[in-house]
Amino acid sequence: MTTLVSSADTLTRDALAVLQPGFTGTSAPDWLLRRLDEGLASVGVFGRNVADPGQLAALTAQLRAEREDILVAIDEEGGDVTRLEVRGGSSFPGNLALGAVDDTTLTRQVARELGRRLAACGVNLNWAPAADVNSNPSNPVIGVRSFGADPALVARHTAAYVDGMQSAGVAACTKHFPGHGDTSVDSHHDLPRIAADLATLQERELVPFRAAIAAGTKAVMSAHILLPALDGTRPATLSAAALHGLLRAPAADGGLGFDGLIVTDGMEMRAIAATYGIERGSVLAIAAGADAICVGGGLADEDTVLRLRDALVRAVRDGELSEKRLADAAARVRALARWTRRAGAGEGAAPAPEVGLTAARRALRRTAREPFTPLTSPAYVAAFTPLANIAVGHETPWGVAAELARLLPGTDTASYTAEAAADGTGSLVAGLVTAADRRRIVAVVRDVHRHPWMADALDALIAARPDTVVVEMGVPQAPPCGALHLATHGAARVCAQAAAEALTGSAPSHPTAPAG
């Protein structure tokens, strides 16, 4: 058994310091405030904790009254993944839209304004941006959360995002190291495996992370993915070869030379929880080089915090986890907290309330078979709805119906799913056409290339009603179709607004591409 140099109290405080737990409610529960007094240094806030910016500011003030230097983290990517505007949709387009525009100044401005709004709510650590290269178009979890499929493009926009976010005093946490873009499995459900060799990783996945580190990202989030080129046994979150040997190692030794905070992805995700369990997984992650354990998206109670705290303390006492490694991890958490206090002490970023809509308008891509006459009367919006991505969640609305109804009162909508298509594409489309009656049909799809039922239904609909307008709000991988095809590159509220403006001719004009 190892000899303990620190007191039991110090060890317990360090174990609490490396946790980033969640909780329920729109105010801090008593148990959370008690644990802050005992050494807990971070919390994560999720959509369930946010009613509006004023309430979130009051919540973070309540937390800081207990611990002034607390890290308050959030998963606020903008675009499809929003917690700040979980029930209404984001005021900012996501990464794919920004990559489609490919203006790094705009990306920096968007990230700075998003950071300004987070800082105003008392949030000082953002689990963003996603630096994944979306090299697999069928990726079920990244998609529009990526800036694109080109490593150089993803790298320059990742760096711009980090710079913009941190200029507002909010620490960026670049994710999902070493890159989740070439997966066909969602790590929320199972353990993905990437077969790429080390040379491919260096030339593709790692390029944006090098750019983020060069831009000064304060944190990096690990991915629960297995990369045999690095470690044939353990996923990156639990792999010393990935975290200590690649992410921390000096550039001269082939590493990335990162010296900031390493945060795990959510430990309750099945890639870890179903294989190792969250206690064992947390111990292995800290031992491998992680500094902070993210848990709370699904598990948000005091018992989870105590289980992880006790597992870490027990691992040190049993000699399985180095006391120094735990102390170093806790020290990095506290160092980041000090940085956020300094960064947030200066003059705040100037407001830029329209930058999100400006970016969404610029990201919109139009393809038309012939000149399009804007809609002037109520339409029928048919939303072809896939299962929700867990990272996005079920609460956040998507589609163009609400924005189009605002411009064209009387517009109706209905959702069509894979279950409805199981009864036959013909009956689905027949019912849709009957419901639409004489109104113009606007078919809204999301990643149509990944859903055969959706592609079949869309083809049948266009055959029945050639004047159908198609709005693709996912990755526009499938060829454009319909009388007019709009690619929004994401399903944020502002992307829907930009599409509705284009459909009604009420937006600033942009060139329309001919049908190919």
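Numbers given for residues are sequential positions, taken from 1 along each chain in its written order. This being a predicted model, a pLDDT of at least 70 is required before a residue's local features are given, and a value of 80 or more before pairs of side-chain atoms are given or counted; all residues contribute to the totals for chains, interfaces and linings. Side-chain numbers here rest on the full set of heavy atoms in the structure, without hydrogens or water.

## As for the overall build of the protein chain
- Scanning the protein chain for helices and strands turns up 19 helices and 15 strands.
- For the radius of gyration, the atom set is restricted to C-alpha positions; the globular benchmark scales as 2.2 Å times the number of residues to the power 0.38. Whereas a compact globule of 516 residues would reach a radius of gyration of roughly 24 Å, the protein chain reaches 23 Å, a difference of no more than 12%.
- For every residue, the accessible area (1.4 Å probe, protein chains only) is compared with the maximum for its type, and the residue is labelled buried under 20%, exposed over 50%, or partly exposed between those bounds. Burial status across the protein chain gives 58% buried among its 516 residues.
- Residue pairs in contact within the protein chain that sit at least 24 positions apart in sequence constitute 78% of those at least 6 positions apart.
- For the protein chain, the distance from the average site of its 47 positive side-chain charges to the average site of its 56 negative ones is 3 Å. Only runs of H or I of at least four residues qualify as helices and only runs of E of at least two qualify as strands under DSSP, and these elements are numbered from the N terminus. Pairs of residues are marked as contacts when any of their non-hydrogen atoms sit within 4.5 Å. Neither His nor the chain ends contribute to the count of charged residues, in which Lys and Arg are positive and Asp and Glu negative. By convention, the point assigned to a charge is CZ for Arg, NZ for Lys, CD for Glu and CG for Asp.

## Some thoughts on the pattern of salt bridges
- Each salt bridge in this description consists of a side-chain nitrogen of Lys or Arg and a carboxyl oxygen of Asp or Glu lying within 4 Å of one another. Applying the stated rule across the entire model yields 32 salt bridges.
- The salt bridge involving aspartate 75 is made with lysine 175; its shortest N-O contact spans 2.8 Å. One end of the pair, aspartate 75, is in the loop between strand E3 (71-74) and helix H4 (95-101); the other, lysine 175, is in strand E5 (residues 171-177), with 100 residues separating them in the sequence.
- The exposure class assigned to aspartate 75 is buried, which follows from its relative accessible area of 12%.
- Looking at lysine 175, the relative accessible area reads 2%, which means it is buried.

## Some remarks on helix H3 (residues 53-66)
- The span one expects for a helix is its residue count, reduced by one, times 1.5 Å. With 14 residues, H3 extends 20 Å between its outermost C-alpha atoms, agreeing within 8% with the 20 Å of an ideal straight helix rising 1.5 Å per residue.
- Looking only at H3, the buried set comprises Gln55, Leu56, Leu59, Thr60 and Leu63. The buried residues of H3 occupy an angular sector of 135° when projected down its axis, which confines them to one face.
- Contacts from the buried residues of H3 go to helix H2 (30-38), strand E2 (42-45) and E3.
- One side-chain oxygen at the N-terminal end of H3 lies 3.1 Å from the backbone nitrogen of glycine 54; it belongs to aspartate 52. Regarding the arc, it is the one traced by the directions from the helix axis to the C-beta atoms. We define a polar contact as two N or O atoms separated by no more than 3.5 Å, with the added condition that, inside protein, one atom must be a possible hydrogen donor and the other a possible acceptor, whereas residues neighbouring each other in sequence contribute only through side-chain atom pairs.

In short, shape yes, function no, at least from these values alone.
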